Amino acid sequence: MCDRELGILPSKASSEMKRRSFVAGLGGLALVAACAPAPQVQLGADGRPLPQVYPITAANQNAIPFRLLDSVNSLRAAAGVPPMQLNAQLTAAAATHSRDMSLQNRPWHFGSDASSPLVRVQRTGYQGALVGELISETFETELETLASWMGQPDTRAIILAPNARNLGFSWFQEPNGKIWWTYVAGA
């Protein structure tokens, strides 16, 4: 029950004391924030900030595909297209290609064995049609990478393809922190 239901009206002094405590607390937080050391940004030889490593650990690796899937499905819902679901076969094709791009040290759609995205998807036993493959070589998170893909008309078209129903997503992270992302969409 609230105080008014009990017939008790808050005193003016009590309200003023609460307000002062709140304002003092805010002031203390501002002081702590102002005194905290600013994060150190390292600059490269070109004067631009060096990329920050996004560490993929055993603790967060299982959440990454689901964060991406949720984000993709939100984007697809906003565009009025059906949602996608994760597919183990497409994810296997994506994982194979991510590792292979790292070994080749170049982001491109052909494997070291000259395989195409279509061949890699067929090797996994996926029975549907390949809609497209997206790749990235970066230090960025999966969501930053998705935002980058959405910023380009050709890669955005794959993410929002109305016939896409299945999604494979994987990565390979090198010891220096560089991540090779692969997204495979299937119908």
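Everything here concerns the structure above.
Residues numbered from 1 in each chain as written. Predicted model: local features only at pLDDT ≥ 70, side-chain atom pairs only at ≥ 80, totals over all residues. Heavy atoms only, no water.

1. A look at unusual backbone geometry
- In this structure, Asn-105 takes a positive phi of about 55 degrees despite not being glycine.
- Structurally, Asn-105 is set in the loop between α3 (88-104) and α4 (117-123).
- The class of Asn-105 is exposed, set by a relative accessible area of 51%.
- Despite not being glycine, Ala-114 has its phi angle at roughly 70 degrees, a positive value.
- With respect to the helices and strands, the residue Ala-114 is situated in the loop between α3 and α4.
- We classify Ala-114 as exposed; its relative accessible area is 60%. (Helix = DSSP H or I, 4+ residues; strand = E, 2+ residues; numbered from the N terminus. Buried < 20%, exposed > 50% of the residue type's maximum accessible area, 1.4 Å probe, protein only.)

2. Side note on the pattern of salt bridges
- Per the stated rule, a full pass over the model turns up four salt bridges.
- Residue Glu-142 pairs with Arg-67 through a salt bridge whose shortest N-O separation is 2.7 Å. Taken together, the positions of Glu-142 in helix α5 (residues 142-150) and Arg-67 in helix α2 (residues 63-79) put the pair 75 residues apart, joining distant regions of the chain.
- A salt bridge links Asp-113 to Arg-123; the shortest N-O distance between them is 2.8 Å. Within this pair, whereas Asp-113 is found in the loop between α3 and α4, its partner Arg-123 is found in helix α4, the two being separated by ten residues in sequence. (Salt bridge = Lys/Arg side-chain N within 4 Å of Asp/Glu carboxyl O.)

3. Focus: the sheet that holds strand β1 (residues 85-86)
- Read across the open sheet, the four strands follow the order β1-β3-β4-β2; overall the sheet is mixed. Strands with a single pairing partner mark the edges of an open sheet, and in this sheet they are β1 and β2 (130-138).
- Across eight bridges, the pairing between β2 and strand β4 (residues 179-186) is antiparallel. Among the inter-strand pairings, Gly-132 is bridged to a residue of β4, identified as Ala-185.
- Across the sheet, α2 is in contact with β1, β3 (166-173) and β4; its angle to β3 comes to roughly 135 degrees.
- Of the strands in this sheet, β2, β3 and β4 touch α5, which is tilted by about 120 degrees from β2. (Pairing = 2+ DSSP bridges. Contact = heavy atoms within 4.5 Å. Axes fitted to C-alpha atoms, helices over the stretch in contact; angles between N-to-C directions.)

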